[in-house]
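Below are the chains, spelled out letter by letter.
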Amino acid sequence: MRKGYDDPSAFFMNDSMHDFDCIGEYNRNDVLKEKEGIAVRKYIIKRILISIALLFLVAFIIYVLMRSLPTSYIETIAREKSMQPGSKSYEEWMAQLSASYGMDKGIVAGYISWLGNAFRGNFGDSWFYTVPVLQRFREVVPVSFVMGLIAFVLELLIAIPLGIIAATKQYSRTDYTISIVALAGISLPTFFFASLLKLVFSVKLGWFDLFGLVGRNYEQLSTMGKLLDKAHHLVLPIVTLVVISIGGLMRYTRTNMLEVMNADYIRTARAKGLDENKVIYHHAFRNTLIPLVTMIGGSLPGLFSGALITETLYAINGIGYTSYNAMVSGDIPFSMFYLVFMALLTLAGNLISDILYAVVDPRVRIA
Amino acid sequence: MSEEKKNYDSEVSENNQYSLNDDRRVKVLSPGALVRQRFFRNRIAVVGLVILIAMFLFSFVGGMISPYKEDQLFYRIDMQDKAYAAVTENKEYRYTALDTSKFTSIVQAQSFLAISKQAEEFEYRGVTYQLVKEGTDFYSVWQDNQIIGIAYKDIISTVSPDTKLSFDFEYAALKAYTHEASAEDEEGKDYSQFVVDGENYRIDEDGNILKGNEPFAYVSKYIVRPSMSDVFLTQNFKDELLESIEKNETDFYFTDTDGVNHEYTLAYDAKTQSWAVNQLTETRVYDTYSSPSKTHWLGTDRNGMDMMTRLMYGGRVSLVIGFIVEIIALVLGVILGGISGYFGKWVDMLIMRIVDVFYCIPSMPIIIILGATMDAMHVDPQVRMIYLMLILGFLGWPSIARLVRGQILSLREQEFMTATEATGLSVRRRILQHLVPNVIPQLIVSATMGIGGTIITEATLSFLGLGVKFPFASWGNIINDVNNTYVLTTYWFIWIPAGLLLLLTVLAYNLVGDGLRDAFDPRMKR
């Protein structure tokens, strides 16, 4: 977790000088802005280049890992595949494997050939789903994204206000309750919570189905009915996601808010007799937004990554459940794609949050 | 005057306040004691500590106290319906050959065709066979005026199990039984009497064959076959059974010659057109999913093992794995982070890029893939557990390395480090005695919370069946049973206790970690 920039005095100066800048020394400010712009652009370009280099490195490591899985395992998979009725022969499977991953070549040469294919958008055919990897990916990713997005928005709507309340009423009963609930959410194993939800809402109350994204009579429904059916089936997974991840966000908000509340400029704001509400919501909250915005920006790519465990538990055919099945059944092309995709998302998230940090927080630009 | 006195008094008491007498001296506490004091003042953290201690006692001491072993199986006596016999009404011809070389199965089939055509003779492969109707549904097949076999629908069973029936006897008995009264019947001849091998037999209307006055065998359309080959069904049993079947009863009681009562249930199976006779017998089965009781406080699991004991041993695994993984991660992280932070320059650059790479590698999918690989290779569960710890530890070090590096970078610039350099301490001593102790508080806090996270990861993997494997228990693989929807809905005691233990333990680790952070650094208290 990124710590907020810890030099309140600099910010205070900046804040109070702002009006003065705008009126008086317009020209100087303009020049400064230009310099800043160049610095930020340079910084962003540097970060992007580093991220690309990292992505190649991570993809290479993943490739090596996939290659160095004991060969007997790959042979086993090829043998299993060849045993299926109407399947290609064992030799053909092995040949396909070697061809798509350059198994006959050395590791570096193989990686380069894989990379070449990947650049052309060819990630091979999934063994488990027997369709091109990208096609399968396109089919399943929307569900994951919708689910992730709804859960994320709910998380923000619940966690941020609660975190701020906890921070403003530090050491009160509310604060302790919120903190303990947040910790409990962090400590709650996803699968246990999902099982509890299923027991209560699916089995005892019978409100939801235990598994799946669509109901039994899905095909007979109208377009609107289909949408509602899917929404109905997504309720429990989204609740699970929200409860599991709300704790972390709540603590993050609280910590950053407290950090801001301890800052000198807040003391100054209070000292000059400002209304407490104004201090909190005008001065403190706006500064807490810096770490929040960078964090939120950094989480956006993650919305595409799906929820591996939650989707698996509820058998929602999103990217998480799909790749879980692929990984467990030894579907190397799909797993390889998924791993690289995840690495890409992580890098993109870090990149976005770094850039946002530089853009949102003027102190970083000047430093 | 009185006011002056008061003033004097207060002056004395003020002087007392500033006196340096032993009883007035401020108690001096070591930093460690201060931390301890602050920690124990935090009620929530103490609750976490108590939960943790309880968990450790439960897992480690509980496992020793428990009267059962980790993988001890329990049995129960169960009343199970076991197939005892089957009754079918014979509607097809059966064949008995005098000479199997002549009355082969093909000839049998040919004779059946002839019977259905009501022919008197038939030909097969150039051989002519004569078919003689001897009685109702009873035919004999002849070749060259020699009888070679018979086709019949009524079945003869002997009264005593040791008797073997000869072909001649069957032929004669069936002839007598199926005899149809007609005009051709000789006057005064009793067709119910027959002689085989010089013995006189008589058959009554119920199909009982008497040898002299002793019952010898009986004829019936029903076939009653015992399910076990060593069981011999008496005629009495069969008669009563058939009576029950004709009355369409579902229960059948039989008192054998020793006066012992037996209870059977009858069920008609339309598909095979037979009655199944089931007997309730006592069977020793695994005591699976038994409800909580005095002997098994939390019932038994799907294998018939004591749940409470499994939870204790599972706790050992979960807690120990958390520790070992964290130790591996700490050792790697402190060494690499320390080197990176202290030496800086290209070493720092290199190590931090490695850390960046590790941050990008999606750890959960990697662990799942490795778990599936180990599944495919049938890795021994014990070896697997070691691999699991190594993998988790190896994936966990980068965050610690980053923490240590950051701390060392900021500490390196502080005055006391300059002082160590000025006093000429060796690098080794500077790192180990001056830098590391200052990093330790943060390390302890992050490790405490890290153990909680590791326990969840391990439990999730075990839940998915990719972590700790049977016969070893872990809280995760105990809950694994909930994948079976029937268990989820019916047997709360299988998965809720394990889940609660898991939740409490991780929560306790986090509470203690929080408390420790506040205690170590009161300025950062939040």
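Residues numbered from 1 in each chain as written. Chains lettered and ligands numbered in written order. Predicted model: local features only at pLDDT ≥ 70, side-chain atom pairs only at ≥ 80, totals over all residues. Heavy atoms only, no water.

## Considerations on the overall build of chain A
For the record, the criterion: Segments assigned H or I by DSSP are reported as helices when at least four residues long, segments assigned E as strands when at least two residues long, and all are numbered from the N terminus. Residue burial is assigned from relative accessible area. The probe radius is 1.4 Å, only protein chains are included, and a residue is buried under 20% of its type maximum, exposed over 50%, and partly exposed in between. Any two residues whose heavy atoms approach within 4.5 Å at even a single point are treated as in contact. Here the Shrake-Rupley method, with its probe set to 1.4 Å, supplies the accessible areas, and only the displayed protein chains count as covering residues.
Scanning chain A from N- to C-terminus turns up 15 helices and zero strands. Burial analysis of chain A (367 residues in total) assigns 46% to the buried set. Long-range pairs, those at least 24 residues apart, make up 72% of the contacts in chain A with a sequence separation of at least 6. Roughly 18,400 Å² of accessible area belongs to chain A as shown, and the carbon and sulfur atoms make up 64% of that amount.

## Quick word on the environment of B:I367
Residue and element names in this part refer to chain B. Relative to the helices and strands, I367 is located in helix α9 (residues 363-376). A relative accessible area of 5% places I367 in the buried class. Taking the C-alpha atoms as reference, I367 lies 9.3 Å from L395; in sequence the two are 28 residues apart. For I367, the residues in contact, after removing those within four places along its chain, are I391, L392, L395 and L461.

## Here's the deal with helix α11 (residues 276-299) of chain A
Residues and elements named next belong to chain A. Filter applied, for reference: An expected span of 1.5 Å times one less than the residue number is assigned to each helix. Two axes enter the definition of the bend at a residue: one is fitted to the seven residues ending there, the other to the seven starting there, and the bend is the angle between them.
Counted at 1.5 Å a residue, the expected span for α11 with its 24 residues is 34 Å, and the 32 Å between its end C-alpha atoms agrees. Of all the bends found along α11, the most pronounced is centred on F285 and spans about 40°. Along α11, the positions that sit buried rather than exposed are V279, I280, H283, A284, N287, T288, I290, P291, L292, T294 and G297.

## Concerning the domain arrangement of chain B
To keep things clear, this is the line we draw: The start and end points of each domain follow an automatic or database-based domain assignment.
What the domain assignment lists for chain B is domain 1 (31-74 + 295-520), domain 2 (77-86 + 227-286) and domain 3 (87-226). Here the C-alpha centre of domain 2 of chain B lies 59 Å away from the C-alpha centre of domain 1 of chain B.

## Notes on the environment of B:S410
Residue and element names in this part refer to chain B. Spelled out, the test is: Any pair of N or O atoms that falls within 3.5 Å is considered a polar contact. Within protein, one atom must be able to donate a hydrogen and the other to accept it, and sequence-neighbouring residues count only if both atoms are side-chain atoms.
By secondary structure assignment, the location of S410 is in helix α10 (residues 381-412). You can call S410 partly exposed: its relative accessible area is 38%. Along the backbone, S410 and S399 are eleven residues apart, and their C-alpha atoms lie at a distance of 17 Å. One polar contact links the side chain of S410 to the main-chain carbonyl oxygen of Q407, over a distance of 3.0 Å.

## What about the interface of chain B and chain A?
Quick reminder of the rule: Here the quantity called buried area is the total loss of accessible area, with a 1.4 Å probe, experienced by two parts when brought into contact, counted for both. We count a salt bridge whenever a side-chain nitrogen from Lys or Arg sits within 4 Å of a carboxyl oxygen from Asp or Glu. Asp, Glu, Lys and Arg are counted as charged, while Ala, Val, Leu, Ile, Met, Phe, Trp, Tyr, Cys and Pro are counted as nonpolar; the rest, among them Gly, fall into the polar class.
In this complex, chain B contributes 45 residues to the contact, which on the side of chain A involves 51 residues. When chain B packs against chain A, close to 4,100 Å² is buried across both sides, 82% of that on carbon and sulfur atoms. Salt-bridge contacts for B:D514 lead to A:R251; the nearest nitrogen and oxygen are separated by 2.9 Å. Counting the contacts that link chain B with chain A gives three residue pairs in polar contact (both at pLDDT 80 or more). Looking at the side of chain B that touches chain A, the elements that each hand over two or more residues are α8 (345-360), α9, α12 (427-463), α14 (485-490) and α15 (492-520) of chain B. Partitioning the side of chain B that touches chain A into residue classes produces 33 nonpolar, six polar and six charged.

## Looking at the sheet that holds strand β5 (residues 138-143) of chain B
Two orientations exist for strands paired in a sheet by backbone hydrogen bonds: parallel and antiparallel. Residues and elements named next belong to chain B. Note the cut-off: When DSSP finds two or more bridges between two strands, those strands count as paired. Only the stretch in contact is used when a helix axis is fitted, and all axes are lines through C-alpha atoms; the angle between N-to-C directions ranges over 0 to 180 degrees.
On the basis of which strands lie adjacent, the open sheet formed by five strands has the order β2-β6-β5-β4-β3 and antiparallel pairing. Strands at the two margins of the open sheet, each flanked by one partner only, are β2 (94-97) and β3 (121-124). Sheet twist, expressed as the mean angle between neighbouring strand axes with direction ignored, is 25°. Judged from the six bridges that link them, β5 and strand β6 (residues 146-152) form a sheet pairing that is antiparallel. Residue pairing in the sheet places V141 in a bridge with G149 of β6. Here helix α4 (residues 105-117) sits on the sheet and contacts β2, β3, β4 (127-135), β5 and β6; the angle it forms with β3, its principal contact strand, is near 145°. Helix-sheet contacts for helix α5 (residues 167-178) involve β2, β4, β5 and β6, and the interaxial angle to β6 is about 55°.

## What about the packing of helix α10 (residues 264-271) of chain A against α11(A)?
Residues and elements named next belong to chain A. As a reminder of what qualifies: These descriptions rest on fixed angle ranges, namely under 35 degrees for roughly parallel, over 145 for roughly antiparallel, 65 to 115 for roughly perpendicular, and the rest for oblique. For a crossing to be left-handed, the near helix must be turned anticlockwise from the far one by less than a right angle; the clockwise case is right-handed.
Packing of α10 against α11 brings their axes to within 10 Å, and their N-to-C directions diverge by 160°. With respect to their mutual orientation, α10 and α11 come out roughly antiparallel. Of the two possible hands of crossing, α10 and α11 adopt the one that is right-handed. Where α10 approaches α11, its residues Y265, I266, A269 and R270 are matched on the opposing element by E276, V279, H283, A284 and N287.

## Let's talk about the packing of aromatic side chains
Counted only if it meets this: A pair of aromatic rings is counted whenever rings of Phe, Tyr or Trp (Trp by its six-membered ring) have centres within 6.5 Å, and the orientation is called stacked for planes under 30 degrees apart, edge-to-face for over 60 and tilted otherwise. A ring is scored as having a charge over it whenever the NZ atom of a lysine or the CZ atom of an arginine sits within 6 Å of its centre and within 35 degrees of its normal.
Applying the stated criterion to the full structure yields 32 aromatic pairs over all chains. Residues B:F169 and B:Y201 carry aromatic rings whose centres are separated by 5.0 Å and whose planes lie at 75° to one another, so their mutual orientation is edge-to-face. Of this pair, B:F169 sits in helix α5 while B:Y201 sits in strand β9 (residues 199-203), placing them 32 residues apart in sequence. Relative to B:F343, the ring of B:Y342 has its centre 5.3 Å away and its plane inclined at 85°; by these criteria the two rings are edge-to-face. Classification of B:F343 by relative accessible area gives partly exposed; the value is 46%. An aromatic cluster is present here, built from A:W114, A:F123, A:F128, A:Y129, A:F137, A:F334, A:F337 and A:F341 joined pairwise through their rings. We note A:K198 situated over the ring of A:Y314; from NZ or CZ to the ring centre the distance is 5.3 Å.

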